[in-house]
Structure formats: structure tokens, C-alpha cells
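These are the residues of each chain, in order.
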Amino acid sequence: MTTNNPISCAPFEANGRQYSPSARPIAVICIDGCGDEYLSVSLAAGRMPNLATMIGSGYRGLVRGALPSFTNVNNSAIVTGMPPSVTGICGNFFLNPDTGEEVMMNSPEYLRCGTLLHAAAKSGRRVAFITAKEKLRTVLGEGIVENGGIVFSSEKVDEAKLASHGVDDAESIIGRPRPDIYSGDASVYVLEAGAALVEQGRADFLYLSLTDFMQHKFAPEESESLDFHGRIDAQIGRLLDAGCVVAATADHGMNAKNDSEGNPKVIYVETLLKSAFGEGLRVICPITDPYVVHHGALGSFVMVHVDEPSKIPEMAAFLLDQSGITEVMDREMAAKKLELAPDRIGDLCVLSARDTVVGKTPQDHDLSVLKGGLRSHGGRYEEMVPLLLSEPLNETYRRKAQCDPRNFDVFDFACNGSL
Ligand SMILES: [Zn+2]
């Protein structure tokens, strides 16, 4: 089924922000885990010729992501245009204050505002939201299929059905079968799906969200990483050839978290605090998700829940004293300075250094899954990410780009930012 209906350029509003998309297809890509150095190294090696052309006539800059620098936190911010204080998604897990249980935020009821994808679909755009990981589809995909759009993940592309996903037999549209989730292919497949949907006239407003398996495993200069970026570039070329306005950003960067011998540098915060203060506290690792092979549930951000509030200042001071811990904020400060929802975070938020991760106890993390050292994210040092646009910026957005633009402004730049 190919439709030749004109593309709607009706403006729409989401969460108080206005979007005025042009009548060209718009493809926004979240290159999961793409610290700017991945692009610099691949571009310098001549492996991303389409991206080189795109930013030559368009824009390349840096923007600040949301903290903690995790995938769900930032994807939620990107599709709503709002910080985590509004979306309520402050990690993959939170401690429900009413039940005392650790809850995985894997369904739409945890998202506290609507998405701009839903609003775009209602305004008449043919929206496609394609993710690598199924978990993002379930949390952020509400309201799109009901308004004529398409939503599926490469992880479960073979389960896509017209009634629930907006499309039957998605694999035949893309032209090849479901990829392995633990592969670079899972990301390339998302871009192939996006390009095929535009080429076939099935979508004109796309959010394509990749997975960071490759970035967790490989540094920018490794040959596997260069090959991967070459494959991404080929699909960016396809989107550009199909006439798309292409914009891209990342949810977070990625850093090696090892000592000089190559062994993971881990601070077990719950073990450390209990040895100094006794029981009555609990550490939550909000990076924890079903994809443990990526990172062993170790990132540069944890939350501490404390039974006795009077102990909190002393614990904060103790943690800040540890080498490798860079920032410790209490709930009120974290809500203010990290833009987090106070009821979805701990009494303390703990951030670690560029080369260090924070965890719970040694028993809670299986380091054996981390073959070849640990690369991870979650903290301040993975906060700055690229913003790329295939079009030159207009005067207003040139100025905005020099202020403090965010990765969750990417749809704003894509819809409103060009000449
Ligand atoms: Zn990610």
C-alpha cells in the first residue's frame, strides 16, 4: 500500500510547545550512546560521507541531555520535549514510596505527559515510531497507531500487527527478517525500516531510536565501531535521498569505566554505606534493565533511600569524600538542579567520575557478562551529545543553538529551526 496523499503541514502543540513542520518528510534519529567522538572519528576516517555532506550544508553542534544520562530518561524527554521533572521518567526503575517495591517503568502509565508523536499523528502527519528495544515502544508509543501511525521495535518486528502496531508483515516492508537485539544490526534495521516507510509513502514524521549495544562494546576507533557507523551513514543517505529533513541527537554519550589494567572501576555504594552507617538504607541502580549484557546494571548514577532522614547529610558528606564520586545531591537539590521528579528519586542522588561506575553490592552485579572491560553511562560525563540537522539553521535557532539547547529540543529544531 503506497499512499500519495500530500504531507500535512498543519502546526501542532504538545506540552505547551509549538511545532510547525514543513511539507517534507521529517526523520529524527536518536543514535543511542553516540558521544560526539564516535562521529568525529568516523567522519575523519571517511566512513560517514553522507553525514559529512549533510552537516556541510546543515548544522552540527552539541546539546545537553537529561540526567541521569540513561536511555529511557532521554527518549522520554525527546518525544515529549520535556525534562524528566515533567515526564516522571527518571530511570528504568524507581522505588515506589507507597509499597516500598522496586518498580520497572515499562508501561505508559508511568509517563506523566503526552508525546509530540501523538500530537503530530492527531494533526494529520503519518507518524512512525521505530525503536530497537521493545521497552521504549511500550512506554512511549501511546496514541500513535489509533491516529493512523506505525509503531514497532526491531526486537519484536515479527510480532507487528495492523491493529496493535499499525502495520502487518513489517519484515517484508523492510525486506529482511528480525535482527538479534545484541547486535549493531538491531540499530541499522531501525533506520532501514524508517527509510523503507518513507520511500513507500507510508510515513512522513519519524522517530527512529537505536540501541547502544555497539557503543557499550567498542570505542570509537575500533574497526567494529567504524563499520557500524558506515552502515548508519548509508541509511542516513537513504533518508536524505528520499527527501527527508534529517535531524539526529543521542540519549547519552559513552565512556570506558575501567582502571589502567582494563578492569571495571566500581564503587559498591550500598556495601560502602552499610559498612559505615549500618542497615536502614537501600541503593537503587536506575540503569537496570533486561539488557544486562550491555552494562551489568552498572552506570555512573545511583539513588540511595534512607530510613532515618537525620542521617542523610552525614551520608552525603561521606560519599562526597570518596574518590570517584563526583556529585551527591539530596532529593530537593536533585529535583531542582537535575530536573528530576522528587517522588521518583531517592533521598540522595550519587554521580560518579568519567572512568567510574556506582553499583549496589558485589552480589548484585555479574561482571562476567562484561567481556573486554566496561563502557557505560548515566552520569555528568555522558551528558553532552551531538545535535545534527540536514538544513541550515534560521536566525532564531542559530541564536538558540548558542544558548543551552537540549537533546529534547531536537524535534523543535527539526520542525521550526531551518530557513
Ligand atoms: Zn542509551
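Predicted model only: the values in this text are computed from it and were never measured.

A. Local environment of the sheet that holds strand 4 (residues 59-64). Spatially, seven strands are ordered 4-19-10-3-9-7-8 in an open sheet, and the strand pairing comes out mixed. Where the open sheet ends on each side, the last strands, each with one partner, are strand 4 and strand 8 (150-153). The average angle at which neighbouring strand axes cross in this sheet is 15 degrees, direction not considered. Pairing analysis gives five bridges linking strand 7 (residues 127-131) to strand 9 (residues 205-209), with the strands arranged parallel.

B. Fine view of helix 13 (residues 312-320). Turning to helix 13, its buried residues are Met315, Ala316 and Leu319. Viewed end-on, helix 13 has its buried residues packed into an arc of 100 degrees, placing them on one side of the element. In helix 13, the exposed positions that point more than 90 degrees away from the buried face belong to Pro313, Glu314 and Ala317. Buried residues along helix 13 sit in contact with helix 12 (269-277), strand 14 (301-306), strand 15 (325-330) and strand 16 (348-352).

C. Structural detail: the domain arrangement of the protein. Here the protein is partitioned into domain 1 (13-254 + 379-416) and domain 2 (266-375). Counting from both sides, the interface comprises 27 residues of domain 1 and, opposite them, 28 residues of domain 2. Sorting the residues of the side of domain 1 that touches domain 2 by element identifies helix 4 (84-87), strand 5 (93-95) and helix 10 (213-217) as the ones contributing at least two each. Of the residues that constitute the side of domain 1 that touches domain 2, the class distribution is 15 nonpolar, seven polar and five charged.

D. Seen up close, the environment of valine 157. In this structure, valine 157 sits in the loop between strand 8 and helix 7 (162-165). As for valine 157 and aspartate 347, which are separated by 190 residues in sequence, their C-alpha atoms are 40 Å apart. For valine 157, the contacting residues outside a window of four places in its chain are Phe152, Ala170, Glu171 and Arg178.

E. Structural detail: the packing of helix 9 (residues 185-199) against helix 11 (residues 223-241). At a closest axis distance of 9 Å, the pairing of helix 9 and helix 11 adopts a crossing angle of 10 degrees. Taken as axis vectors, helix 9 and helix 11 run roughly parallel relative to one another. Seen from above, helix 9 lies across helix 11 with left-handed handedness. Along the contact surface, helix 9 presents Val188, Leu191, Glu192, Gly194, Ala195 and Val198, while helix 11 presents Arg231, Ile232, Gln235, Arg238 and Leu239. Residues of the contact of helix 9 with helix 11, tallied by class, amount to six nonpolar, two polar and three charged.

F. Spatial organisation of the sheet that holds strand 16. With antiparallel pairing, the four strands of this open sheet are ordered in space as 13-14-16-15. Edge positions in the open sheet fall to strand 13 (281-284) and strand 15, since each of these has one partner strand only. Recorded for the sheet is a direction-independent mean angle of 20 degrees between the axes of neighbouring strands. When strand 13 meets strand 14, the two strands line up antiparallel, connected through four bridges. When the sheet's bridge partners are listed, leucine 281 is paired in strand 14 with valine 306. Along the sheet face, helix 12 touches strand 13, strand 14 and strand 16 and points at about 165 degrees away from the line of strand 13. Relative to strand 15, helix 13 is tilted by about 165 degrees, and along the sheet it contacts strand 14, strand 15 and strand 16.

G. Geometry of helix 1 (residues 36-44). Every buried residue of helix 1 is listed here: Tyr38, Leu39 and Ser42. Relative to the axis of helix 1, the buried residues are bounded by an arc of 95 degrees and lie together on one face. Buried residues belonging to helix 1 abut helix 2 (49-57), helix 10, helix 11 and strand 19 (384-389). Backbone geometry just after helix 1 places glycine 46 at a positive phi near 75 degrees.

H. The arrangement of the pairing of strand 7 in detail. Counting buried residues along strand 7, five of its five residues qualify, which places the element largely inside the surrounding structure. Where burial is concerned, the two faces of strand 7 agree: the one with Val127, Phe129 and Thr131 and the one with Ala128 and Ile130 are both buried. In the sheet, strand 7 pairs with strand 8 via four bridges, with the strands oriented parallel. Along strand 8, the bridge assignment pairs phenylalanine 129 with valine 151. Crossover connection from strand 7 via helix 6 (residues 134-140) to parallel strand 8: handedness right-handed.

I. Layout of the packing of helix 2 against helix 11. Interaxial distance between helix 2 and helix 11 falls to 7 Å at its minimum, and their mutual angle equals 50 degrees. As summarised for this structure, helix 2 and helix 11 are arranged oblique, according to the angle between their axes. Of the residues in helix 11, those in contact with Pro49, Asn50, Leu51 and Met54 of helix 2 are Asp233, Ile236, Gly237 and Leu240. Of the residues in the contact of helix 2 with helix 11, the class split is five nonpolar, two polar and one charged.

Parameters and conventions
- Residues numbered from 1 in each chain as written.
- Predicted model: local features only at pLDDT ≥ 70, side-chain atom pairs only at ≥ 80, totals over all residues.
- Pairing = 2+ DSSP bridges.
- Helix = DSSP H or I, 4+ residues; strand = E, 2+ residues; numbered from the N terminus.
- Axes fitted to C-alpha atoms, helices over the stretch in contact; angles between N-to-C directions.
- Buried ≥ 20, exposed ≤ 12 C-beta atoms within 10 Å, placed from the backbone.
- Arc of directions from axis to C-beta.
- Contact = placed C-beta atoms within 7 Å.
- Domains from an automatic or database assignment.
- Nonpolar A, V, L, I, M, F, W, Y, C, P; charged D, E, K, R; others polar.
- Parallel < 35°, antiparallel > 145°, perpendicular 65-115°, else oblique.
- Left-handed = near helix turned anticlockwise from the far one by under 90°.
- Right-handed = clockwise from strand over helix to strand, strands pointing away.

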